[in-house]
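Structural description and commentary
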Amino acid sequence: MNKIYVTRIFYDDLSDPKTPEKQIERPSWQDAERVINSLDGKVTTQICMDNGNEDNYFCVGGGNGGLCNVFVSENDNEIIHTLLNPNPEPVTRRLVTGGQAGDFEDKIVVPLETAMIAAKKYFETGKLCEEFEWE
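Heads up: these notes are all about the structure in this document. Bear in mind that the values here come from a model prediction, so they are computed numbers and not experimental data.

1. Comments concerning the overall build of the protein
- On a plain count of helices and strands, the protein comes out with two helices and nine strands.
- Element order for the protein, N to C, with α for helix and β for strand: β-β-α-β-β-β-β-β-β-β-α.
- For 135 residues, the compact-globule estimate of 2.2 N^0.38 gives 14 Å, and the protein sits close to it at 14 Å.
- Projecting the C-alpha coordinates of the protein onto the three principal axes gives extents of approximately 45 × 35 × 25 Å.
- Element-wise, carbon and sulfur atoms account for 46% of the exposed surface of the protein, whose accessible area totals about 7700 Å².
- Here the protein contributes 13 positively and 24 negatively charged side chains, and the mean placements of these two sets differ by 5 Å.

Dropping the structure here:
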């Protein structure tokens with residue numbers, strides 16, 4: 001079995017008002033993939049992954065309309081890398097992330113499939129997926 005970087009996944013489950021914040025310890029990639037695929041902008045609106053160090057994490061938010069915002073935080077938000085849409089349109093997208101609706105420039109909104117590829121790279125290595133552009 002290959003060593004993986006991510007040791008925890010945090011996500012919201014707004015269908016459970018008593019404990020909407022969920023956590024998976026020692027997740028498999030299948031766990032991460034399942035939660036990312038559950039992003040719908042209604043019940044599950046955000047997933048974050050880390051290796052036990054809360055200062056460095058990968059986050060995917062949204063899911064409504066199959067669109068997401070993806071970023072990686074380093075050093076407690078001192079450095080933020082945001083995944084860029086290679087073909088942005090001059091529009092704003094409304095995403096629900098972390099349970100709150102917000103407007104996002106299309107340049108920082110990507111399809112769920114793109115978010116999944118970036119998430120897998122981070123999950124395995126803790127690094128940005130180099131096939132994509134980050135800001």
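2. Quick look at the packing of aromatic side chains
- Enumeration according to the criterion identifies four aromatic pairs in this entry.
- The interplanar angle of 80° and the centroid separation of 5.4 Å between the aromatic rings of Tyr5 and Tyr122 together place this pair among those described as edge-to-face. Residue Tyr5 is found in the segment before β1 (8-12), and its partner Tyr122 is found in helix α2 (residues 112-125); the two are separated by 117 residues along the sequence.
- Aromatic side chains Tyr57 and Phe71 sit 6.1 Å apart centroid to centroid with 75° between the ring planes, which places their arrangement in the edge-to-face category. Of this pair, Tyr57 sits in strand β4 (residues 57-62) while Phe71 sits in strand β5 (residues 67-74), and the two are 14 residues apart along the sequence.

3. Things to note about the environment of Thr45
- Mapped onto the elements, Thr45 comes out in the loop between α1 (29-37) and β3 (46-50).
- Between the C-alpha atoms of Thr45 and Val96, which are 51 residues apart in sequence, the distance is 6.0 Å.
- In contact with Thr45, not counting residues within four places along its chain, are Asp12, Leu14, Leu39, Val60, Gly61, Gly62, Val96, Thr97, Gly98 and Gly99.
- Looking at Thr45, its side chain comes within polar contact range of the main-chain nitrogen of Gly98, at 3.1 Å.

Reading the values: the criteria
- Residues numbered from 1 in each chain as written.
- Predicted model: local features only at pLDDT ≥ 70, side-chain atom pairs only at ≥ 80, totals over all residues.
- Heavy atoms only, no water.
- Helix = DSSP H or I, 4+ residues; strand = E, 2+ residues; numbered from the N terminus.
- Rg over C-alpha atoms; globule rule 2.2 N^0.38 Å.
- Areas by Shrake-Rupley, 256 points an atom, 1.4 Å probe, with all protein chains shown as cover.
- Lys, Arg positive; Asp, Glu negative; His and termini not counted.
- Charge placed at Lys NZ, Arg CZ, Asp CG, Glu CD.
- Phe/Tyr/Trp six-rings, centres within 6.5 Å; stacked < 30°, edge-to-face > 60°.
- Contact = heavy atoms within 4.5 Å.
- Polar contact = N/O pair within 3.5 Å; in protein donor to acceptor, adjacent residues only side chain to side chain.

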